[in-house]
Amino acid sequence: MLTDADLAAIWLTLRLASMTTLLLLLIGTPLAWWLARTRSAWKGPVAAIVALPLVLPPTVIGFYLLVTLGPNGAIGQFTQALGLGSLAFTFWGLVVGSVVYSLPFVVQPLQNAFDAIGERPLEVAATLRASPLDTFFSVVVPLARPGFITASILGFAHTVGEFGVVLMIGGNIPGKTQVISVRIYEHVEALEYTQAHWLAGGMLAFSFVVLLALYTFNASGKRR
Amino acid sequence: MHLPFRSGFIAILAALMLNAFQVYAAGVNVAVASNFAAPMQIIAADFERATGHKALLSLGATGKFYAQIKNGAPFDVLLAADDETPTKLIAEKSAVADSAFTYATGKLVLWSAKPGFIDAQATALKTASFAHLALANPKLAPYGRAAAETLAALKLDVPPNKIVTGENIAQTFQFIASGNAELGFVALSQVWKDGKLTSGSSWMVPATLHAPIKQDAVLLDKAHHNAAAIALLTYLKSPAARAVIQSFGYGI
């Protein structure tokens, strides 16, 4: 059945997905809000950059991250100046990679939710002398709640399912960067099919349950 | 308005299909272990000039090729990174008996992208003055196993969290070449060209520190009548091919 290393991979994956989702909500919310409200000429280019991870092969993202995080890359030189060393092969390196990789899965549902609110509730709030910040937390966040839930679930699930990026920048260190998907890959490559089945089957069940919850929730949300 | 578009579409479709047939009919599909990529690209070009047969190379890990071949992958020849996989394929009747031979003996090298980082005594390795040492996964790759054997023979106890493992030797090279790992064990062929190191610094791992890395080629069962595949295996033993193999630092 599951070995200690398998359990370590599961625990690591859950930690990675939680941290990534949290950061993505913090980064994605203002970004999605700006994308939903702005009339700037930058809207198109920024939206395109946010959507890039949807179409790029994970190996491309992973390869560029490896180069950027490395000692000669932009992020690598920055983290070295801070005395942090290279982020590749570390948990935080994986977090950076996952944030990039799952960005559209959080930003796009949020942006759609913000778009759907429209001008009217904001104008009403303004006439009642609500400050922009007050409006955001008292009006926008409650109205966009389904968007936040969709964004969190998709961001979390997509990070759990991440493989190519982690393979490229992780270095497969047990307990540190060896996530479930990489562990499954190693089992398959080493012809340990029984162990691979345990993890792969679990992943399949998990993904189905998450998506089922998401679609059930969305359907009930629409009926209300 | 619609007609030109449609006929254009059909023309493209036809061209694609024709192309697919051509590729399928004329070539030898060769599964090549990652470490042998560079010499094999030269050998394949020479082979095509010499015989008119085209060798189509797929690069990857030997373990993955094994699983793919067992599941019907359309390869004619396997150039493995070890001698166990070809032996196993023959025993399981997935490869032609007696067709296996050692086309190259791999050499392991400790390499860093930084010039001067590794000296003649491999001090950097022995004093563990690094944040990350890269090696291919010993469970999956012969060069990884040789690297692990070398660490054991040197009685070096590198903390597990300082060791990063690549899925194959090409990925291991990438970790080091990008500077994310200061040093690591790669195949000499990856950093060696025409009798000298292409960049960085290195330490040749003495062959006594690990079991020999015998890399065997084998004719796969589905290609046992494929003249082009048989010609390629013959060509690999020719003096011209051997000269290329040796120029990348392999033993024969």
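Preceding this paragraph is the structure being described.
Everything quoted here is computed from the prediction, not taken from an experiment.

Conventions we followed
- Residues numbered from 1 in each chain as written.
- Chains lettered and ligands numbered in written order.
- Predicted model: local features only at pLDDT ≥ 70, side-chain atom pairs only at ≥ 80, totals over all residues.
- Helix = DSSP H or I, 4+ residues; strand = E, 2+ residues; numbered from the N terminus.
- Buried ≥ 20, exposed ≤ 12 C-beta atoms within 10 Å, placed from the backbone.
- Contact = placed C-beta atoms within 7 Å.
- Nonpolar A, V, L, I, M, F, W, Y, C, P; charged D, E, K, R; others polar.
- Pairing = 2+ DSSP bridges.
- Axes fitted to C-alpha atoms, helices over the stretch in contact; angles between N-to-C directions.
- Arc of directions from axis to C-beta.
- Parallel < 35°, antiparallel > 145°, perpendicular 65-115°, else oblique.
- Left-handed = near helix turned anticlockwise from the far one by under 90°.

## Describing the overall build of chain A
Thought 1: For chain A, the count of helices and strands is 11 helices and zero strands.
Thought 2: Its C-alpha atoms give chain A principal-axis dimensions of roughly 65 × 45 × 25 Å.
Thought 3: In chain A, which comprises 224 residues, the share counted as buried stands at 39%.
Thought 4: Put simply, 73% of the contacts in chain A that link residues at least 6 apart link residues at least 24 apart.

## Describing the interface of chain B and chain A
Thought 1: Contacts between the two partners involve 18 residues from chain B, matched on the other side by 19 residues from chain A.
Thought 2: Its residues assigned to classes, the side of chain B that touches chain A shows six nonpolar, nine polar and three charged.

## Here's the deal with the sheet that holds strand E11 (residues 201-204) of chain B
Residue and element names in this part refer to chain B.
Thought 1: Spatially, the five strands line up as an open sheet ordered E7-E6-E8-E5-E11, and their pairing is mixed. The open sheet terminates on both sides in strands that have one partner only, identified here as strand E7 (163-166) and E11. In this sheet, neighbouring strand axes are inclined to one another by 30° on average, regardless of whether the strands run parallel or antiparallel.
Thought 2: Two strands pair when backbone bridges link them, and strand E6 (residues 133-136) and E7 are joined in this way by four bridges, in the parallel orientation. From the neighbouring strand, Leu133 faces E7, where its bridge partner is Ile163.

## Describing the environment of B:Leu151
All names here are of chain B.
Thought 1: Here Leu151 shows up in helix H6 (residues 142-153).
Thought 2: By C-beta crowding, Leu151 is classed as partly exposed, having 19 other C-beta atoms within 10 Å.
Thought 3: With 65 residues separating them in the primary sequence, Leu151 and Asp216 have C-alpha atoms 25 Å apart.
Thought 4: Ignoring any residue separated from it by four or fewer positions in sequence, one finds Leu151 in contact with Leu156 and Val158.

## So, helix H3 (residues 62-70) of chain B
Thought 1: Buried within H3(B) we find B:Thr62, B:Gly63, B:Phe65, B:Tyr66 and B:Ile69. Projected down its long axis, H3(B) carries its buried residues within an arc of 160°, all on one side.
Thought 2: Next to the buried residues of H3(B) lie helix H10 (180-189) of chain A together with strand E1 (27-33), strand E2 (54-60), strand E3 (77-79) and helix H4 (84-91) of chain B.
Thought 3: B:Gly72 occupies a position one or two residues after H3(B) and carries a positive phi of about 85°.

## Considerations on unusual backbone geometry
All names here are of chain B.
Thought 1: Even without glycine at this site, Asp98 takes up a positive phi of about 65°.
Thought 2: The exposed category is assigned to Asp98, around which 9 C-beta atoms lie within 10 Å.
Thought 3: The phi dihedral of Ala128 falls on the positive side, at around 55°, and the residue is not glycine.
Thought 4: Tracing the backbone through its elements, the reader meets Ala128 in the loop between helix H5 (123-126) and E6.

## Remarks on the packing of helix H1 (residues 4-37) of chain A against helix H8 (residues 145-160) of chain A
Residue and element names in this part refer to chain A.
Thought 1: Their axes nearest at 8 Å, the elements H1 and H8 cross at an angle of 140°. Judged by the inter-axis angle, H1 sits oblique to H8. Every pair of crossing elements has a handedness; the one defined by H1 and H8 is right-handed. Contacts between H1 and H8 pair Thr13, Leu16, Ala17, Thr20, Thr21, Leu24, Leu25 and Gly28 from the former with Ala151, Ser152, Gly155, Phe156, Thr159 and Val160 from the latter.
Thought 2: By residue class, the composition of the contact of H1 with H8 is seven nonpolar, seven polar and no charged.

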